[in-house]
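# Working through the structure, step by step
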Amino acid sequence: MGILLALSLSLMTGCKYTGSSELLGAFLAGFCFCTDHHVHRVWEKQVKRLLQWMIRVFFACTIGFAIPIKDFWTMGVWLKAIALLACMSGKLAMGLFAIPRTTDMMLTLAFAWGERGEFSFIIATLAFEGDLIDKEWYSAIILTVSISIIVSPLLLERNLERIAKHAEKAIENAME
């Protein structure tokens, strides 16, 4: 774990100084150890207990405090957010590529793809700070991504619960 931490810190620093994202360095360090089963077992035993809290604190410190909730309540922001949501709904069309092409599989794939957007927080923040977008567009992007990362997992969870209930009934019927 110490080697993983040292590699993470060095790759994060290296990526920052080369003009890339520090997150890329953290990803690359984890990627180096992705096939080491010993590190995986240590992670499961020692760190997994703290993982939920670490993720919550990380999100709050990096993204959560930057969400401009006060700016969400203008008509311009909502109109732009609706337009962006319409564009993002194209991700839901990924359900058409499900195999087998059943309603359950199509909805599962569509909702799983619908949530992809957390990195948009970082991109929107950098674009706003670099004066590439104005405050209204920034707020609309953040609102759109927030809706996406809240609604899609909830719909996916409901769909998976519904599939599990149908599977349990099918098992019960087969056992009878």
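I will try to describe carefully the structure that is included in this document. All values derive from a computational prediction rather than experimental measurement. (Residues numbered from 1 in each chain as written. Predicted model: local features only at pLDDT ≥ 70, side-chain atom pairs only at ≥ 80, totals over all residues. Heavy atoms only, no water.)

Inspection of the secondary structure puts Leu-156 in helix α7 (residues 135-175). Taking the C-alpha atoms as reference points, Leu-156 and Trp-113, 43 residues apart in sequence, are found 9.7 Å from one another. For Leu-156, the residues in contact, after removing those within four places along its chain, are Thr-108, Phe-111 and Ala-112. (Helix = DSSP H or I, 4+ residues; strand = E, 2+ residues; numbered from the N terminus. Contact = heavy atoms within 4.5 Å.)

Listing the buried residues of helix α6 (residues 119-129) in full gives Phe-121, Ala-124 and Ala-127. With its buried residues spanning 135° around the axis, α6 presents them on a single face. Every exposed residue of α6 that faces more than 90 degrees away from the buried side is listed here: Leu-126 and Glu-129. The inward-facing, buried residues of α6 abut α3 (37-62) and α7. Just downstream of α6 lies Asp-131, where phi reads positive at about 60°. (Buried < 20%, exposed > 50% of the residue type's maximum accessible area, 1.4 Å probe, protein only. Arc of directions from axis to C-beta.)

This part is about the pattern of salt bridges. By the definition in use, this model includes 5 salt bridges. Close ionic contact of Lys-135 with Asp-71 constitutes a salt bridge, the shortest N to O distance being 3.1 Å. Separated by 64 residues along the polypeptide, Lys-135 in helix α7 and Asp-71 in the loop between α3 and α4 (75-88) bring together distant segments of the chain. Residue Arg-162 pairs with Asp-104 through a salt bridge whose shortest N-O separation is 2.8 Å. (Salt bridge = Lys/Arg side-chain N within 4 Å of Asp/Glu carboxyl O.)

With that settled, consider the nonpolar core. Ile-63, Phe-72, Val-77, Ala-81, Phe-121, Ala-124, Tyr-138, Ala-140, Ile-142, Leu-143, Val-145 and Ile-149 together form the largest nonpolar core, which totals 12 residues. Elements that contribute at least two residues to this core include exactly α4, α6 and α7. If one sorts the elements of this core by residue count, α7 sits on top with 6 residues. Sequence-distant contacts of Leu-143, defined by excluding residues within four places in its chain, comprise Phe-72, Val-77, Trp-78 and Ala-81. (Core = buried A, V, L, I, M, F, W, Y, C linked by side-chain atoms within 4.5 Å.)

Along the chain, Phe-58 turns up in helix α3. On the basis of relative accessible area, Phe-58 is assigned to the partly exposed category, the value being 47%. Beyond its immediate sequence surroundings of up to four residues, Phe-58 is in contact with Leu-23 and Ile-63.

Once that is clear, we can look at the packing of helix α1 (residues 2-17) against helix α2 (residues 22-32). Axes are the key here: two packed helices are described by the angle between their axes and the distance separating the axes. Across the interface, α1 lies against α2 with an axial gap of 7 Å and an inter-helix angle of 145°. Helix-helix and strand crossings are classified by hand; for α1 and α2 the assignment is right-handed. From α1, Leu-4, Leu-7, Ser-8, Leu-11, Met-12, Cys-15 and Lys-16 reach across to α2, where they touch Glu-22, Leu-24, Gly-25, Ala-26, Leu-28, Ala-29, Gly-30 and Cys-32. Residues of the contact of α1 with α2, tallied by class, amount to 10 nonpolar, 3 polar and 2 charged. (Axes fitted to C-alpha atoms, helices over the stretch in contact; angles between N-to-C directions. Left-handed = near helix turned anticlockwise from the far one by under 90°. Nonpolar A, V, L, I, M, F, W, Y, C, P; charged D, E, K, R; others polar.)

Keep in mind these numbers describe shape, not what the thing actually does.
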